[in-house]
Amino acid sequence: MAILQKCNAAFGCTRPQRIRCQAVQASAVRDEGTKSFAAVAAAGFTALSLLTAAPAVAEFKLPPISSDPNRCDRGYTGNTIGQANAVSDKVLDLRRCDYSGKDLSGKTLAGALLSDTDMSNTNLREAVLTKSYGVGAILSGADLTNAVVDRVDFSRAKLNGAKFVNAVVTGVHGAGPAYEE
């Protein structure tokens with residue numbers, strides 16, 4: 001055991017202080033290291049479990065289908081505010097409308113409700129479908145060349161033969177390899 005002499009005038013020390021140093025066995029240091037590692041590992045596993053927890057799922061209900069007799073005609077004009085982020089003065093309710101073989105090129109259908117809408121063989125070139133809800137929509141053979149298909153829910157949608165050439169497709173839900181025929 002070594003004894004060191006130390007005095008710090010800044011702390012009002014008037015006489016030297018004795019400090020005792022003591023050697024510690026290596027096994028004690030290893031035990032402390034093991035305890036530290038265990039604490040870090042436990043914290044890591046806790047953080048990992050919080051990050052991989054299943055998200056809360058709330059039931060999602062759509063509003064009743066609009067009673068407007070011209071609601072399907074709004075698909076030919078799209079969102080009139082002209083914003084591609086789904087901001088609209090009125091819900092673009094195109095559910096169960098038939099646009100098969102029609103020309104909707106360049107239309108802004110952002111935020112549109114497209115559930116069970118038939119858009120088979122429809123020209124949707126350069127159309128904007130940001131934040132649209134296309135659950136059960138039929139887009140078989142549709143041409144979405146240069147379209148913006150961002151954050152669209154295509155669960156149960158029929159997409160076989162649809163063309164997404166040079167399209168911006170991000171955050172799409174439900175579009176997987178198992179397309180229906």
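Residues numbered from 1 in each chain as written. Predicted model: local features only at pLDDT ≥ 70, side-chain atom pairs only at ≥ 80, totals over all residues. Heavy atoms only, no water.

> What is the right way to read the overall build of the protein chain from this model?
The helix and strand inventory of the protein chain stands at one helix and four strands. Moving toward the C terminus, one meets the helices and strands of the protein chain in the order β-β-α-β-β. Buried positions account for 29% of the 181 residues belonging to the protein chain. Pairs at least 24 residues apart make up 16% of the contacts formed inside the protein chain by residues separated by at least 6 positions. Per element, the accessible surface of the protein chain, about 11,800 Å² overall, is 55% carbon and sulfur. (Helix = DSSP H or I, 4+ residues; strand = E, 2+ residues; numbered from the N terminus. Buried < 20%, exposed > 50% of the residue type's maximum accessible area, 1.4 Å probe, protein only. Contact = heavy atoms within 4.5 Å. Areas by Shrake-Rupley, 256 points an atom, 1.4 Å probe, with all protein chains shown as cover.)

> What is the right way to look at the state of the cysteines in this model?
Each disulfide consists of one covalent bond between the sulfur atoms belonging to two cysteines. This structure, assessed with the given rule, holds one disulfide. The disulfide partner of Cys 72 is Cys 97, and the gap between their sulfur atoms is 1.9 Å. Here the disulfide of Cys 72 and Cys 97 is left-handed, its torsion about the S-S bond being about -85 degrees. Of the two residues, Cys 72 is situated in the loop between helix H1 (26-51) and strand E3 (148-150) and Cys 97 in the loop between H1 and E3; the sequence distance between them amounts to 25 residues. (Disulfide = S-S within 2.5 Å.)

> Is there a simple way to think about the pattern of salt bridges in this case?
Two side chains carrying opposite charge are able to pair once their charged atoms lie near each other. Counted according to the given criterion, the structure contains three salt bridges. The partner of Arg 95 in a salt bridge is Asp 93, and the shortest N-O contact between them spans 2.8 Å. Each member of the pair Arg 95 and Asp 93 is classed as buried. (Salt bridge = Lys/Arg side-chain N within 4 Å of Asp/Glu carboxyl O.)

> How should I be thinking about the packing of aromatic side chains in this particular structure?
The geometry of an aromatic ring pair is captured by the separation of the ring centres together with the interplanar angle, meaning the angle of the planes. Throughout the structure, instances matching the rule amount to one aromatic pair. Look at Tyr 76 and Tyr 99: their rings are 5.5 Å apart centre to centre, the planes differ by 75 degrees, and that puts the pair in the edge-to-face class. Within this pair, whereas Tyr 76 is found in the loop between H1 and E3, its partner Tyr 99 is found in the loop between H1 and E3, the two being separated by 23 residues in sequence. (Phe/Tyr/Trp six-rings, centres within 6.5 Å; stacked < 30°, edge-to-face > 60°.)

> Teacher, can you tell me more about the confidence of the model for the protein chain here?
Note that predicted coordinates carrying low pLDDT should not be read in detail. Looking at the protein chain as a whole, the pLDDT averages 77, with 59% of positions reaching at least 70. The least confident element of the protein chain is strand E1 (residues 2-6), whose mean pLDDT is 45; the most confident is E3, at 93. In the model, residues 1-6 has pLDDT below 50 throughout and makes 17 contacts with residues more than four positions away in sequence or in other chains. Below a pLDDT of 50 lies the segment residues 177-181, which in the model reaches seven contacts outside its immediate sequence neighbourhood of four places, other chains included. (pLDDT = per-residue confidence, 0-100.)

> Can you help me understand the nonpolar core in this one?
One broad trend across soluble globular proteins is that nonpolar side chains are buried collectively. Judged by nonpolar contacts, the single largest core of 23 residues is most densely connected at Leu 94, Leu 109, Met 119, Leu 124, Leu 139 and Leu 144. Beyond its immediate stretch of four places on either side in the chain, Leu 139 contacts Met 119, Ser 120, Leu 124, Leu 144, Phe 154, Lys 158, Leu 159 and Ala 162. (Core = buried A, V, L, I, M, F, W, Y, C linked by side-chain atoms within 4.5 Å.)

> I keep staring at unusual backbone geometry and nothing clicks. Help me out?
Trans peptide bonds make up most of the peptide bonds, and negative phi angles are found at most residues other than glycine. If you check the backbone angles, Lys 131 has positive phi at about 55 degrees while not being a glycine. In this structure, Asn 166 is a non-glycine residue whose phi angle is positive, near 55 degrees. Mapped onto the fold, Asn 166 is located in the loop between E3 and strand E4 (168-170).

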